2 protein chains.
Amino acid sequence: MHEIDDDQTAVLRRFNRSYTQRIGALDDSFLGSGMPLGTARVLYEIGTGVDMVAALRARLDLDSGYVSRMLRRLESDDLVVVAQDPADRRRRTVALTSGGQERWDAIEASSGRRAAGLMEPLSPRQRERLTAALREADLLVRAATVDLRPVDPEDPRAVVAVGAYVDELNRRFSEGFDAARATREDAVSLRPPRGVFLVAVSDGDPVACGAVRTIGPGVAEIKRMWVDATWRGAGLGSRMLRRLEEEAARLGDSVVRLDTRGELSEAVALYERAGYRPVERYNDNPDAGLFYEKAL
Amino acid sequence: MHEIDDDQTAVLRRFNRSYTQRIGALDDSFLGSGMPLGTARVLYEIGTGVDMVAALRARLDLDSGYVSRMLRRLESDDLVVVAQDPADRRRRTVALTSGGQERWDAIEASSGRRAAGLMEPLSPRQRERLTAALREADLLVRAATVDLRPVDPEDPRAVVAVGAYVDELNRRFSEGFDAARATREDAVSLRPPRGVFLVAVSDGDPVACGAVRTIGPGVAEIKRMWVDATWRGAGLGSRMLRRLEEEAARLGDSVVRLDTRGELSEAVALYERAGYRPVERYNDNPDAGLFYEKAL
DNA sequence: GCCAATCTCTGACTAGAGTCAGAGGTTATG
DNA sequence: CATAACCTCTGACTCTAGTCAGAGATTGGC
């Protein structure tokens, strides 16, 4: 790996210190709502559309008993209603009551006011600088902390990612790719022991995917490379590619191939940067025009 | 005031959310130390050189009883020694023991490792982008959250600030300005009811200062404008100037004057941007070559 | 149709963070 | 030199956050 500069970690740590001391106080806007922070966070998530208790727990990474108790409190304050999910009666759904919605709006407004208050002392130009810096830092911090995890091609997150991938191909080439067919195909070849499907998940949402499978003795092929449009430029593609190569090695392969097409210029640039070299057509994929190979 | 863009607060809030969820975990490095976060923070501050219990309390903004208890715990773990301050025996001093220093080093190292771990997935170029963005954000966030507060010219913070101001003049012009004399003069004219002395304090340290005093019927004069070199470019100077003008108005003045010299180009630019216009020499300050005035 | 797995809930805890009221010694001030 | 102001400490609390063990209802897989 590349060495990490001490100055860089120092900047991060310095920022962390000043930030938690100052803006960390933004969290207190939750406190201004008169309920404990944990409870307010739960209410907030419900307001943003999380409608299953299990999803809530996964999102906030909390103990089930703890969440249950907080929901009970919110219920007795008449801010949410919890009901049985008719589809699976073990599960429970949550929703804001009208009073809960009001409270949510109030939290939202107060949080916005605090953010505005923080920026208030700055001149318009400085605000723009701060906003730009935070936007950049946000993208990179998020990108650095997504985890690439192997999932089954039929896992909901994989299905969503492939759906987005196919949508994009259709938007760009309008040639009628079919997401359901893609998933059916993937289910055959892109799972152990012949292949691996990886998704990059951030806040529970898939933001990138990629897969690899063995197509011949010692030869692997990379498929389904996709990065969400808002996440490009943060190095997610190359990270995914690197991980897929590791997976190929683990499958026992020493050569990696892939097909793509010239119009996907970001992808092509990514592959070439990563050391892939053009080769002759090695399959009969009618949608592909360019073929690449790399020896591991 | 200027309107604050909703998009800008949205960026700030989005950043805040992703940040506290991800890097906020940097704080856990304190937790890895086996002691509660509060206690670890206290130990950390002592290690950075805070040597008075009172300073510690002010710095972390904690209840005196609470700090006392944490110190007791650190003492019983043989990490710090608390002793009476001989100069003022109500006060107590704190220092790390050798064991405490070891522990501090360990916390420091682990915190650095975590920061490095966060950056590890990023490519060198992305790391540079992240570092630059955080550096910029840090400066602006700090600048936005300093508070400008009126203090007595003999307040230690004012004395330190004036000292830095005089040092800088001496470095740039080497004409033997004298800090002690400056403070003596300020103590006469730059305190209520005739004048006001403002310091910008960040983390307990003065990072900018400025003062205003009435020098004639309806006429105020601005003095001691200084911004710490590492804090320039964050709008602290114009904020200070604006506040001083408000103070002048409060003193009942409607015209503000000031003197400076052409070599102080940043200062001159600041004044001109703020609407100050050159006027004839209005005093006999031998160190000044330029004179400005603004009607409020 | 049984058994294991899943989801949610309750009860019983622990530990950390922080507040408040005063006691006791010490120093500035008129 | 009395008195107010100051600094630190102890005791007695409150509130949150979070954990753990199981009970009860429900569902999926063989």
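Before reading on, note that the structure itself is shown above.
Residues numbered from 1 in each chain as written. Chains lettered and ligands numbered in written order. Predicted model: local features only at pLDDT ≥ 70, side-chain atom pairs only at ≥ 80, totals over all residues. Heavy atoms only, no water.

**Student:** Run through the nonpolar core, naming residues and quoting values.
**Tutor:** Core analysis: the biggest nonpolar cluster contains 45 residues, and Phe197(B), Ile222(B), Met225(B), Met240(B), Tyr271(B) and Tyr276(B) have the highest contact counts within it. No other element matches the seven residues that helix 8 (residues 156–173) of chain B contributes to this core. (Core = buried A, V, L, I, M, F, W, Y, C linked by side-chain atoms within 4.5 Å. Buried < 20%, exposed > 50% of the residue type's maximum accessible area, 1.4 Å probe, protein only. Helix = DSSP H or I, 4+ residues; strand = E, 2+ residues; numbered from the N terminus.)

**Student:** Can you break down the environment of Thr230(A) residue by residue, with the values?
**Tutor:** Residue and element names in this part refer to chain A. Position of Thr230 relative to the elements: it lies in the loop between strand 6 (219–227) and helix 10 (236–250). You can call Thr230 exposed: its relative accessible area is 60%. Sequence separation of Thr230 and Val207 is 23 residues, and the distance between their C-alpha atoms is 8.8 Å. There is a polar contact of 2.7 Å between the side chain of Thr230 and the side chain of Asp228. (Polar contact = N/O pair within 3.5 Å; in protein donor to acceptor, adjacent residues only side chain to side chain.)

**Student:** Describe helix 6 (residues 98–119) of chain B, and please don't skip the residues or the numbers.
**Tutor:** Counted at 1.5 Å a residue, the expected span for helix 6 of chain B with its 22 residues is 32 Å, and the 32 Å between its end C-alpha atoms agrees. Residues Gly100(B), Trp104(B), Ile107(B), Ser110(B), Ser111(B), Gly112(B), Ala115(B), Leu118(B) and Met119(B) constitute the buried set of helix 6 of chain B. (Expected span 1.5 Å × (residues − 1).)

**Student:** Before we move on, can you summarise the protein's contact with DNA strand C with the specific residues and values?
**Tutor:** Among the 20 residues in the neighbourhood of DNA strand C, the closest are listed as Arg69(A), Arg90(A), Arg92(A), Tyr66(B) and Arg89(B). Per the 4 Å cut-off to the protein, sugar and phosphate atoms form 64% of the nearby atoms of DNA strand C. Note that a sugar or linking oxygen of DNA strand C is positioned 3.3 Å from one of the side-chain N or O atoms of Ser68(A). Measuring from a phosphate oxygen of DNA strand C, one finds a backbone N or O atom of Arg89(B) at 2.8 Å. Listing elements by their share of the surface near DNA strand C, those giving two or more residues are helix 4 (53–60) and helix 5 (64–76) of chain A together with helix 3 (37–47) and helix 5 (64–76) of chain B. (Near = heavy atom within 4 Å.)

**Student:** Go over the sheet that holds strand 6 (residues 219–227) of chain B with me, naming the residues and quoting the values.
**Tutor:** Residues and elements named next belong to chain B. Spatially, 3-4-5-6-7-9-8 is the arrangement adopted by the seven strands of the open sheet, whose pairing is mixed. Every interior strand has two partners, whereas the edge strands, strand 3 (147–151) and strand 8 (277–278), have only one. Against the sheet, helix 10 (residues 236–250) engages strand 3, strand 4 (195–202), strand 5 (205–216), strand 6, strand 7 (255–260) and strand 9 (290–295), with an angle of about 35 degrees to strand 5. (Pairing = 2+ DSSP bridges. Contact = heavy atoms within 4.5 Å. Axes fitted to C-alpha atoms, helices over the stretch in contact; angles between N-to-C directions.)

**Student:** I'd like to hear about the sheet that holds strand 4 (residues 195–202) of chain A, residue by residue, with values.
**Tutor:** Residues and elements named next belong to chain A. One open sheet accounts for seven strands, arranged 3-4-5-6-7-9-8; its pairing is mixed. Edge strands, defined here as strands with exactly one partner in the open sheet, are strand 3 (147–151) and strand 8 (277–278). Here strand 5 (residues 205–216) runs beside strand 6; their pairing, made up of seven bridges, is antiparallel. Along strand 6, the bridge assignment pairs Arg213 with Glu221. Taken strand by strand, helix 8 (residues 156–173) contacts strand 3, strand 4, strand 5 and strand 6, and its axis lies near 80 degrees from that of strand 6.

**Student:** I'd love a proper account of the protein's contact with DNA strand D, names of residues and values included.
**Tutor:** Taken together, 20 residues surround DNA strand D, and among them Tyr66(A), Arg90(A), Arg57(B), Arg69(B) and Arg92(B) come closest. Between DNA strand D and Ser64(B), the relevant distance is 3.1 Å, taken from a base nitrogen to a side-chain nitrogen or oxygen of the residue. At 3.1 Å, a side-chain N or O of Arg90(B) approaches a sugar or linking oxygen of DNA strand D. At the level of elements, helix 3 (37–47) and helix 5 of chain A together with helix 4 (53–60) and helix 5 of chain B are the ones that each hand at least two residues to the surface near DNA strand D. Of the residues forming the surface near DNA strand D, the biggest block, five residues, is contributed by helix 5 of chain B. Counted by class, the surface near DNA strand D contains five nonpolar, four polar and eleven charged residues. (Nonpolar A, V, L, I, M, F, W, Y, C, P; charged D, E, K, R; others polar.)

Keep in mind that these numbers describe shape and distance, not what the molecule does.
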